[in-house]
Amino acid sequence: MPDIFVTLAAVIASITIVGCFCYWKTSNLKKDVQKNEEKMKRSMYELAILKELGERTGYSLNVQNIIDIITGSLRQFIDYSVTSYMFIEPEKIIFKIHVEKSVSREFINDIKNRMMNSLSALLNKDFSVTHIEEILSGALLVEDIKEPVRSFFNIPLVISGRVVGVLTIADTKVGLYREEEMSILYKITKQASSAVSSLQEVVSTEQRKLNAMMESISEGVVMTDKDYKIMVANPAAKNAVGIESKDDISIFDFVEKLGGKFDIKGKLEESVKLDKSLSVDDVVINERFFQIVVSPVKSSFGITKNEILGAVVIFHDITPMKEVETMRQDFTSMMVHELRSPLDNIKKISEVLLKKKASKSDSEYLGFVFQDSSQMLELVNDLLDVAKLEAGKFEVYKQPSDVAQIIKERANFFKTSAKFAKVKIETVFDKNIPEKTNFDPNRIVQVLNNLISNAIKFTHKEGTVTIQALLHKAGQDINKEAEVAGIKWFLNKNSQSFGVLGDSLVVAVTDTGIGLSEDKISQLFSKFKQFRAAMSEGEKKGTGLGLVVVKGIVDAHKGMVGVASEENTGSSFYFALPI
Amino acid sequence: MQKKVLVVEDDSKMRRVLVDELKKNNFVVIEAENGQEGLETALKDQPDLILLDITMPVMDGLTMLNKLREEEGGKKVQVIVLTNSGDLGKIAEAVERGICSYLVKSDITTEDLVGRVKKFLE
């Protein structure tokens with residue numbers, strides 16, 4: 001029986017002990033939780049401060065700006081009457097005070113003296129004669145309040161290991177600013193200053209890199225601020241316009257040196273106003289050619305994002321390019337005489353010979369000579385024209401011309417080639433086409449040459465190439481017009497390619513050849529893609545440069561060019577000239 | 001009466017082809033191998049038509065054309081300039097002033113060329 005009591009007592013004791021322990025534990029836990037909560041709050045605050053710092057300053061290196069943000073945020077967790085900071089500048093000390101609760105002038109002076117003393121002590125320097133610029137904000141100063149400074153806390157502001165100022169909080173109440181809170185203040189200022197320090201370091205490294213690059217690049221670079229005051233002008237820029245190296249260089253030095261050649265100020269203003277890059281080619285300065293690009297410079301991050309900060313002018317020396325261009329032109333005219341004339345001779349002579357009665361094998365060989373010289377001549381012509389198109393030197397001389405006559409002549413011109421390829425050439429004319437229309441007959445001959453020779457190349461033996469001309473009236477259905485005129489092409493009702501076409505002369509060259517797939521059609525008129533296709537497929541069919549020339553010529557007539565095709569059936573290449 | 005055609009062309013092979021083809025078509029053909037010679041021959045022999053190349057040594061076709069038109073005896077003769085498409089720009093003005101017609105060499109067969117000459121001299 002007593003055993004039971006003993007056991008019971010033991011159990012109760014155990015429960016009590018465990019309970020006590022648990023209670024003790026729980027209360028400890030509570031304290032811990034509270035403490036952690038407090039800690040977390042503070043960490044979160046710190047984080048928030050630092051985050052805010054980052055966002056609001058937009059990575060500006062304005063330390064004062066950063067301190068303003070810190071002091072502005074302090075009241076969220078520390079009570080104070082006045083917060084202030086002193087910041088050392090080369091010629092003066094900035095003393096900025098924010099009064100949260102009204103105090104007297106004396107109160108402020110007291111803080112000021114204390115801060116001056118601590119600055120002197122920190123830097124071991126006498127500031128008594130230094131000018132102090134005071135900036136006061138917040139509540140009014142009231143002389144009747146005789147409350148003195150009873151709590152005061154002072155933190156040095158250190159950036160890159162250098163004391164740049166002090167930060168202070170002060171209150172009329174006694175015993176504020178517990179050590180715990182202060183450690184956080186320390187931490188914040190320390191983190192802020194280390195952030196600024198490392199940022200400064202990064203920026204100065206970048207600045208050095210940028211400067212080194214600016215000094216060494218061959219492009220002339222001039223950067224201005226919003227008021228067109230020059231921030232940077234690298235040696236290449238000064239060389240380009242011929243400005244002697246001097247320290248204070250202004251936009252007017254450039255205006256003066258550039259004279260009427262380039263309105264730098266006007267372009268800068270225009271670029272900033274329109275918010276876009278402007279490029280001017282072929283500006284000749286001191287016998288060199290420049291491409292000058294003027295662009296606005298915008299802030300790319302922070303609260304000032306997209307705000308225009310200034311502009312940049314880049315002088316790109318294109319003289320070497322111009323020299324290459326001249327060489328190319330020389331080469332081009334060399335090709336004209338040294339390649340084209342003899343090829344033309346070979347072609348014409350073989351053509352004359354082909355008409356004579358010769359043995360079967362002789363005329364076959366002559367055919368080879370004729371065909372190959374024709375192809376080479378075509379290639380040389382295309383190369384010349386593409387070069388001219390690229391140089392923007394492609395001109396058309398429009399004159400009243402007889403399209404039917406021209407087409408008939410082309411059909412005749414290609415008779416020999418067609419006969420050789422065993423292809424028939426036919427012509428179809430809409431009876432409505434006017435006797436004379438205004439276009440450049442020689443250029444249109446070139447267009448036809450290209451289209452017809454392509455058509456012959458891509459048509460099977462016993463096939464037909466048809467050259468057709470049609471008058472299109474604005475607003476009419478072109479397919480119906482074609483049907484009436486007896487024109488056969490691969491355009492169908494779904495062809496939207498003509499879009500809204502005014503009165504036009506439409507010429508189509510239709511073949512019964514291999515046709516084209518959709519994706520090939522889209523590549524036809526691009527030089528680069530043509531080259532690639534010709535290279536990769538290893539076709540004997542030529543470079544396809546001809547179509548680039550065709551497009552160039554038709555574009556110069558303000559006309560349109562297109563193709564409709566059915567694979568394995570044939571293709572129609574057409575162009576429309578406005579009349 | 002047979003018509004007289006002057007061929008002014010520095011390329012002897014091309015000149016030969018032209019001369020032969022024209023002769024075959026019953027033209028009286030005289031020839032010159034540069035502008036200087038062409039100008040003298042044209043004034044002396046008074047052809048009905050001149051086939052004139054542009055790029056030539058000694059004197060080019062355009063200079064010859066301008067000089068020819070300054071002379072009393074050279075104002076009326078028909079001139080067909082034979083040009084490469086690359087030289088078109090050069091003669092555009094001359095064509096606009098109506099002092100010559102022109103043909104692009106590589107775009108025309110000899111047969112067409114003779115046909116044109118015939119048409120001009122009808």
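The sections below set out a description of the structure shown in this document. Everything numeric in this text was worked out from a predicted model, so none of it was measured.

Basis of the calculations
Along each chain, numbering runs from 1 in the same order as the chain's sequence is written. For naming, the first written chain is A and the first written ligand is 1, with later ones following in the order written. Whole-chain, interface and lining totals are the exception, using all residues; otherwise, since this is a predicted model, local features are given only for residues with pLDDT of at least 70 and side-chain atom pairs are given and counted only at 80 or more. Side-chain measures were taken over the full set of non-hydrogen atoms in the model, leaving aside hydrogen atoms and water. What counts as a helix is a DSSP run of H or I of at least four residues, what counts as a strand is a run of E of at least two, and both are numbered from the N terminus. The rule is simple: take the accessible area with a 1.4 Å probe, protein chains only, and divide by the maximum for that residue type; under 20% is buried, over 50% is exposed, in between is partly exposed. Note on definitions: a residue-residue contact is assigned when non-hydrogen atoms from the two residues lie within 4.5 Å. Surface accessibility in these figures is a Shrake-Rupley result with a 1.4 Å probe; residues are shielded only by whichever protein chains are displayed. Between rings of Phe, Tyr and Trp, where Trp is taken as its six-membered ring, a pair exists when centres lie within 6.5 Å; planes separated by under 30 degrees are stacked, by over 60 edge-to-face, and by other angles tilted. Should the NZ of a Lys or the CZ of an Arg lie within 6 Å of a ring centre and within 35 degrees of the ring normal, that charge is described as sitting over the ring. Two N or O atoms count as a polar contact when they lie within 3.5 Å, although within protein this holds only if one can serve as hydrogen donor and the other as acceptor, and sequence-adjacent residues are included solely when both atoms are side-chain atoms. What makes a salt bridge here is a side-chain nitrogen of Lys or Arg within 4 Å of a carboxyl oxygen of Asp or Glu, nothing more. What we call a nonpolar core is a set of buried Ala, Val, Leu, Ile, Met, Phe, Trp, Tyr and Cys residues that are connected through their side-chain atoms within 4.5 Å. Buried area, as used here, totals the accessible surface that two parts lose on assembly, with accessibility defined by a 1.4 Å probe and the loss added over both. Residues are grouped as follows: Ala, Val, Leu, Ile, Met, Phe, Trp, Tyr, Cys and Pro are nonpolar; Asp, Glu, Lys and Arg are charged; every other residue, Gly included, is polar.

### Some points on the overall build of chain A
Here is step 1 of the chain: Looking only at helices and strands, one finds 16 helices and 17 strands in chain A.
Here is step 2 of the chain: Burial analysis of chain A (579 residues in total) assigns 41% to the buried set.
Here is step 3 of the chain: In chain A, of all internal contacts separated by at least 6 residues, the share reaching a separation of at least 24 is 65%.
Here is step 4 of the chain: Summing over all exposed atoms, chain A offers an accessible surface of approximately 32200 Å²; the carbon and sulfur share of this is 56%.

### Remarks on the packing of aromatic side chains
Residue and element names in this part refer to chain A.
Here is step 1 of the chain: Scanning the entire structure with this criterion turns up six aromatic pairs over all chains.
Here is step 2 of the chain: Ring geometry for Phe290 versus Phe315: centroids 6.4 Å apart, planes at 85°, classification edge-to-face. Here Phe290 is found in strand S9 (residues 288-298), whereas its partner Phe315 is found in strand S10 (residues 308-317), with 25 residues between them in sequence. The residues Phe290 and Phe315 share a single accessibility class, namely buried.
Here is step 3 of the chain: Ring pairing ties together the aromatic residues Phe254, Phe290 and Phe315, which thus form one cluster.
Here is step 4 of the chain: In this structure, Lys322 is placed above the aromatic ring of Phe289, and the distance from its NZ or CZ to the ring centre is 5.3 Å.
Here is step 5 of the chain: Stacked on the ring of Phe413, the Lys or Arg Arg410 has its end atom at 4.4 Å from the ring centre.

### Notes on the side chain of Asp253(A)
All names here are of chain A.
Here is step 1 of the chain: Checked against the element boundaries, Asp253 lands in helix H6 (residues 251-258).
Here is step 2 of the chain: Judged by relative accessible area, which is 16%, Asp253 ranks as buried.
Here is step 3 of the chain: Not counting chain neighbours up to four residues away, the residues in contact with Asp253 comprise Ile243, Lys246 and Asp248.

### What to know about helix H2 (residues 35-45) of chain B
Residues and elements named next belong to chain B.
Here is step 1 of the chain: For H2, the full list of buried residues reads Gly35, Gly38, Leu39, Thr41 and Ala42.
Here is step 2 of the chain: Turning to H2, the residues buried within the fold contact strand S1 (4-8), strand S2 (28-32), strand S3 (49-53) and helix H3 (61-70).
Here is step 3 of the chain: At the N-terminal boundary of H2, the capping side chain belongs to Asn34, with an oxygen 3.0 Å from the backbone nitrogen of Gln36.
Here is step 4 of the chain: Gln46 sits one or two positions beyond H2 and adopts a positive phi of about 45°.

### Details of the pattern of salt bridges
Here is step 1 of the chain: For the coordinates displayed, the defined rule picks out 27 salt bridges over all chains.
Here is step 2 of the chain: Close ionic contact of Lys322(A) with Asp282(A) constitutes a salt bridge, the shortest N to O distance being 3.1 Å. You can see Lys322(A) sitting in helix H8 (residues 319-354) and its partner Asp282(A) sitting in strand S8 (residues 278-285), a full 40 residues away along the chain.
Here is step 3 of the chain: Given a relative accessible area of 26%, Lys322(A) falls into the partly exposed group.
Here is step 4 of the chain: Of the residues examined, Asp282(A) reaches a relative accessible area of 39% and is grouped as partly exposed.
Here is step 5 of the chain: The salt bridge involving Lys44(B) is made with Asp45(B); its shortest N-O contact spans 3.8 Å.
Here is step 6 of the chain: What makes Lys44(B) exposed here is its relative accessible area of 65%.
Here is step 7 of the chain: Taken together, the salt bridges that share partners define one network made up of Glu89(A), Lys92(A) and Glu133(A).

### Here's the deal with the nonpolar core
Here is step 1 of the chain: Ile444(A), Val447(A), Leu448(A), Leu451(A), Val507(A), Val509(A) and Phe575(A) are the most contacted members of the largest nonpolar core, which totals 45 residues.
Here is step 2 of the chain: Broken down by element, this core gets its largest block of residues, eight residues, from helix H12 (residues 441-457) of chain A.
Here is step 3 of the chain: When sequence neighbours within four positions are dropped, the list of residues in contact with Leu451(A) reads Val509(A), Leu547(A), Val550(A), Phe573(A) and Phe575(A).
Here is step 4 of the chain: Counting 25 residues, the second-largest nonpolar core is a separate cluster that includes Leu6(B), Val8(B), Ile30(B) and Leu88(B).

### Regarding the side chain of Lys348(A)
Here is step 1 of the chain: Mapped onto the secondary structure, Lys348(A) falls in helix H8.
Here is step 2 of the chain: The buried category is assigned to Lys348(A), whose relative accessible area is 4%.
Here is step 3 of the chain: The contacts of Lys348(A), once residues within four sequence positions are left out, are Met14(B), Lys105(B), Ser106(B), Ile108(B) and Thr110(B).

### Description of the interface of chain A and chain B
Here is step 1 of the chain: Every contact between the two is made by 26 residues of chain A and, on the other side, 24 residues of chain B.
Here is step 2 of the chain: Among the residues chain A hides against chain B, the three largest losses belong to Lys348(A), Tyr397(A) and Asn442(A). Together they make up 23% of the total.
Here is step 3 of the chain: In this structure, the connection of chain A to chain B is made through two salt bridges.
Here is step 4 of the chain: Residue Glu111(B) pairs with Lys355(A) through a salt bridge whose shortest N-O separation is 3.8 Å.
Here is step 5 of the chain: Breaking the side of chain A that touches chain B down by element, the ones donating at least two residues are H8, helix H9 (360-390), helix H10 (403-413) and H12 of chain A.
Here is step 6 of the chain: Considering every element that reaches the side of chain A that touches chain B, the biggest residue donor is H8(A), with 11 residues.
Here is step 7 of the chain: Classifying every residue of the side of chain A that touches chain B by side-chain character gives eight nonpolar, nine polar and nine charged.

### Some points on the environment of Lys238(A)
All names here are of chain A.
Here is step 1 of the chain: Position of Lys238 relative to the elements: it lies in helix H5 (residues 235-241).
Here is step 2 of the chain: Along the primary structure Lys238 and Val222 are separated by 16 residues, whereas in three dimensions their C-alpha atoms are 8.9 Å apart.
Here is step 3 of the chain: Not counting the four nearest positions on each side in its chain, Lys238 is found in contact with Ala233, Ile243, Ser245, Lys246 and Ile249.

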